[in-house]
Structures are given as C-alpha cells and as structure tokens.
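Structural overview
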Amino acid sequence: MLDNLGNLERTDSCGALRIDDIGKTVTLMGWVAKRRDFGDLTFIDLRDREGITQAVFNSEDSAEAHAKSKDLRGEYVVAIVGYVVARAESTRNLKIATGDVEVHARELYILNDARTPPFQLDASPDALASEDLRLKYRYLDLRRTQLQANIRLRHRVTSEIRAYMTEMGFTEIETPILIKSTPEGARDYIVPARVQPGKFFALPQSPQLFKQLCMIAGFDKYFQIAHCFRDEDLRADRQPEFTQLDVELSFATLDQVYTLIEGLFARVFKLINVNLPTPFPRLSFAEVMDRFGSDKPDLRIAGMELKDLSSQLEGTDFAPFASALSAGGQVKGIAVPGGASLSRKVLDELQEFAKRYGASALAWIKLGDETTSSLLKALGDQVVNRMAVAAGANKGDIVLIVSAKPKVVAASLGALRNEVAKREKLIPENVYAPLWVTEFPMFEYHEEDGRYYSMHHPFTSPVDEDLELLQRAVEGEEKELLAKIRTKAYDPVINGVEMASGSIRIHRRDIQRLVFKALGMTTEEARQRFGFFLDALEYGTPPHGGIAPGIDRLMMVLAGTDNMRDVIAFPKTASAADLMIDAPGEVDPKQLEELHLRIVEE
C-alpha cells in the first residue's frame, strides 16, 4: 500500500550530506537507484538530481521501516527519515560526494511504485541502450546523471547569457513565431491559417528581419534567446527546432561585435572552469580554406595544413594530376605526423572516406626508413621527394594527396585532416582553440540550377571595397564578379565547431535592391517577399550588425559531446521524429476540412 506525502518536507538533497552533518536528523526524498538486501540489513542508494545517498535499514533503528524496505524496487519513489552516521573506513565510497556518510532510516514512506525500466539507467557510456529506445522513454533517460548535468548546465549557461547581455545594455525582445514564408536557403515549416483559407504562416528560421526592424525602431541593442525552425535534412549537430542567442546592435563596428561575443564566450566557458583565450585570432575565409580546407578549422590540430604541390608537378604527364591542373584544379597534400605507420587497410579506409567528399582517389607518400609511395612508378623518386618536402613532411610522416577542383580538394583534405587527427589521437584534450573566420564570399554559385545564392543571407553587407564590384555585376551585367565579392560576415569557431554566424547588415535600400537583383529576384518578387522591410529601410535605418550563437552547439562543446541530442531535453531523431510522443502524426479529417486541406495520395 502506498503512503501519502502529507506535510512531510525534505530537509536535504541526496547530494548534500557530509561529515559535518553526522548526528543530524534528515528527511530525504528521491528514487531508489539500487537495493542490496543482506537479511538483517537493507541498503538503498537514494537518488535525486543532486546526487546519491546511501540509506541503511535495520530492525534496531526501526523494525517497521526495515520490513517495509524489503518491498522496494528500482525507481520506486520514497521518503526516508533518519539520522546521519559516519561510514566505516572500509565502506567509504570515494566515487560519490556523500560517500563518507550514510543515513540510518527510522521511517520509510513509499510514495509510488514503478515498473521495471526498459533499459538500465546507470549503465556505463559504452553499454547504453540504443538511442531510439532511450528517446522513446526520454523521461527515463533524463534521469541519467550525465543528462541531468547537461540540462542543468544549459540552464546556467542561458542564465549567464541573460545576465551578461543585460549588463552590456541590451534589451530582450520577443519576436513572432508565426511569420511570412520567405523561402531562401533551408525550407520553412508551413502553418495553414484556418481563418484565411489558402494562406499560410511559416515558423521562423531565425528572427533576422525582426531584429533588424528593432534597430530601425531605435532599440539600439536587442537580444533574444530564440526558438527557431528549419525543415532540412538532419545531422548529429542539427535539429528541426533549435535555440539561438539572437543579437543585434546599432552603429556597430566589426571590433565591437568581436569584443562583445568574445566576452560572452569567455564568461560562459568559466562555468566549466575554462579560461578561453582572448582575443580570438581572425582569419579570412580565403585563408582558412587555403590552409585548412574548411571554414570551421580545428586549430587544436597542430600543423597538418594543406600545401599546394602543383609547382612540383609542372609539365607532368601523369593523367590524374595533369587533367586536374589543366582544368584549373589543384594538387594539394597534408603531412600527418607519425603517419608512416598507417597500414594499407587504414589507407584504403581513408581513400573511401575522401571519396565521400568528391575525391576520385587518394595518393600517399610514406617517409619511413625508405620512402614509399603510390606515385613512385608514375612520377619517380625525385618528384615524389620534392612533393614530400613541399608538404612539410619529416621522417616518420605520411603525405595524403588529392587532385581535383579547388572545392573538392578543400572538402576532402579538410575532412581527412579532422578524421586522421581523431584516429591517430592528434587532438589534445581539454584544450579550446577559438578563432574568427571573416570576409566570407557574398555569393556562391550552384551549378545544378545555374544561379547564385547568398552564402549567409541576403541582408549581409559587402565590404566597402567590393561595393563597386556589386554594382558592376548587377548594373553592368558582369555576373562573374559576384564570385569575388566579400562580405562583412564573421563566424566564431571553437574546436572545429561553428559557434555562431553573424554580419554587419545592409542598411541602405539601394544596396539591398542590388543584392535581391543579383539573386535573380525581380522587383515584383522582392516586393512580394520583403516589401515591408524595403519600406522600413526608407525611414532612417542606422548602420547595424549582429550575430546568432547557437545555444545547442555551444552546449555540445561545453558538455564535451558530439551529439546535440545529449544537450536538449526532448530532441528529435535524425528523421525529425519524436519517438516519445509519436510525432509527427496524422490529424483528424475534420481538422483538415477546417483548414481547407486534403491529403493527395501519390
């Protein structure tokens, strides 16, 4: 029979008791993590969000409570009244904070029973149940110590962010969730408007336009911890709904934004006892792509930079290299410290890995006691040795080489740099290496549909020196110049993770119209999508800029996980499904009728 809580109140958490509490009468409440029955003695590990305390039941302290403890099972909810005693030296548990003491129980209240959980809650990380099973029973998974710690750290992080932004003079402003669809980039989630048949709202991919309107409204400094939505293919570091810190400030310079965000990250990282080095180094997009093959390079990896080997191959008739170079491509390599010991099996695996990023093959040069290479027969000793020297390789290293278009070379070698560093344990632990990546291209060309798209978003300002290129590209119809235009965009990166994306915005209507035209929008299309914003730009828009750090990605780095689902209370799967509530699901036909919608079978 279950007991009532009545007026009984908890005096301490299960993680609070220490040596100084010996002799104190306490009331603890929580879940039974473990029960160990030794006949005359029953031991209970009682758990709440603060920790675990061992409780002891024996007939000497209370025959009734001792007898009642025999009915306890895992995850029962109980209250225990007892007194704190010191554990015997031989039974101290140094793995838990309360391990020097235990509670001898005089009263036991069984507040609720529990079915046997579908998986072991205290399993080691390498013995966890499948993620799908844990997501189905997420309310149980969240009882795990690590997930509890992650979610509580998230609370501390968002509290610290709010405090910092308020101290910096920013005002928190909520922006709408139901907005107009302005498709550009990722897909919108669409919401039918019942009272206006045939019309739809969209869920915001970001509050971008609204925060710029806040600048036009004169709020000067805006922030919001915003919930955003994108209907796109998912990865471990993506979710269909996500949270970001949205920031915008008027009359902003690049240095002001850098200083603000560096201060924010430095303050948040102190929550995990890390002194983040500031100021962050600043590298242009062109430089990081040339050196690291990635716009989010992991600077913890020493060396292993991409080296252009093309000059060592002038006049080569080796077909893979010759065809790449003649087509305007590149031949580049990375030197992996100690990589000469990599087996042929590993090299085959790395070649298949590189092919995922478009590389047709992966060549290599090993500098062991003798130089060996997949290129020796084709190029000879002298050229191979020159290539190894140009790659910066030393004895014991291996050079991994890709030839292709510049984008493919960068993507494949950039990914290989990270992959090999992880495999060979070349990434130091407990090190945090931040940087700013700056001057992103304004546009990127998509060969599939033969048009240019904004690399960030169409409200990003070009650098002052490139404004003339934008005018020539649009008004003079020199479209090839679009690829050369740089922006006042900036991304902070920490340990190879893009932490945020931001830019100085376009505050002039004439420049905004040029950008829309460069993107192939007619005046009518621009008016239909962004008419309200174009109108607003005519009423004294101040220069402004902003940034949007992703809270979920920030939490991944702080919590030391590579899975975003570990830092979100109720996440979706990779197929955008919620296994716990079985969503998305079908709706009642009457609801569809009210919305003037019907399902069309393929």
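The coordinates are above.
Okay, so let's go over this structure. (Residues numbered from 1 in each chain as written. Predicted model: local features only at pLDDT ≥ 70, side-chain atom pairs only at ≥ 80, totals over all residues. Heavy atoms only, no water.)

A look at the overall build of the protein
Each helix and strand in the protein was counted, giving 16 helices and 23 strands. Seen through its principal axes, the protein has C-alpha atoms that stretch 90 × 75 × 55 Å. Counting only residues that meet the buried cut, the protein has 47% of its 602 residues in that class. Of the contacts made within the protein by residues no fewer than 6 positions apart, 69% connect residues no fewer than 24 positions apart. Accessible area for the protein stands at about 30700 Å²; split by element, carbon and sulfur atoms hold 50% of it. Taking the 74 positively charged and 90 negatively charged side chains of the protein as two groups, their mean positions are separated by 1 Å. (Helix = DSSP H or I, 4+ residues; strand = E, 2+ residues; numbered from the N terminus. Buried < 20%, exposed > 50% of the residue type's maximum accessible area, 1.4 Å probe, protein only. Contact = heavy atoms within 4.5 Å. Areas by Shrake-Rupley, 256 points an atom, 1.4 Å probe, with all protein chains shown as cover. Lys, Arg positive; Asp, Glu negative; His and termini not counted. Charge placed at Lys NZ, Arg CZ, Asp CG, Glu CD.)

A look at the side chain of H544
Structurally, the position occupied by H544 is in strand β23 (residues 544–547). Residue H544 is classed as buried on the basis of its relative accessible area of 0%. A distance of 3.0 Å separates a polar atom in the side chain of H544 from a polar atom in the side chain of Q212. With residues near it in sequence (within four places) discarded, H544 still touches Q212, M215, E248, L249, S250, F251, I504, R505, I506 and H507. (Polar contact = N/O pair within 3.5 Å; in protein donor to acceptor, adjacent residues only side chain to side chain.)

Details of the sheet that holds strand β4 (residues 77–86)
Pairing between the strands of a sheet is mediated by backbone hydrogen bonds and can be parallel or antiparallel. The strand order β1-β2-β3-β5-β4 describes a closed barrel built from five strands, whose pairing is mixed. Adjacent strand axes in the sheet meet at a mean angle of 55°, parallel and antiparallel pairs treated alike. The sheet contact formed by strand β2 (residues 41–48) and strand β3 (residues 51–58) spans eight bridges and is antiparallel. Residue pairing across strands places F43 opposite V56, the latter belonging to β3. (Pairing = 2+ DSSP bridges. Axes fitted to C-alpha atoms, helices over the stretch in contact; angles between N-to-C directions.)

A closer look at helix α13 (residues 509–518)
Since the α-helix packs 3.6 residues into each turn, any two residues three or four apart lie on the same face. Counting buried residues in α13 gives seven out of ten residues, a clear majority hidden from the surface. Looking at α13, one finds that the buried residues are R509, I511, Q512, L514, V515, F516 and A518. Buried residues along α13 sit in contact with β18 (443–446), α12 (467–475) and α14 (523–536). Two residues or fewer past α13, G520 is found with a positive phi of approximately 90°.

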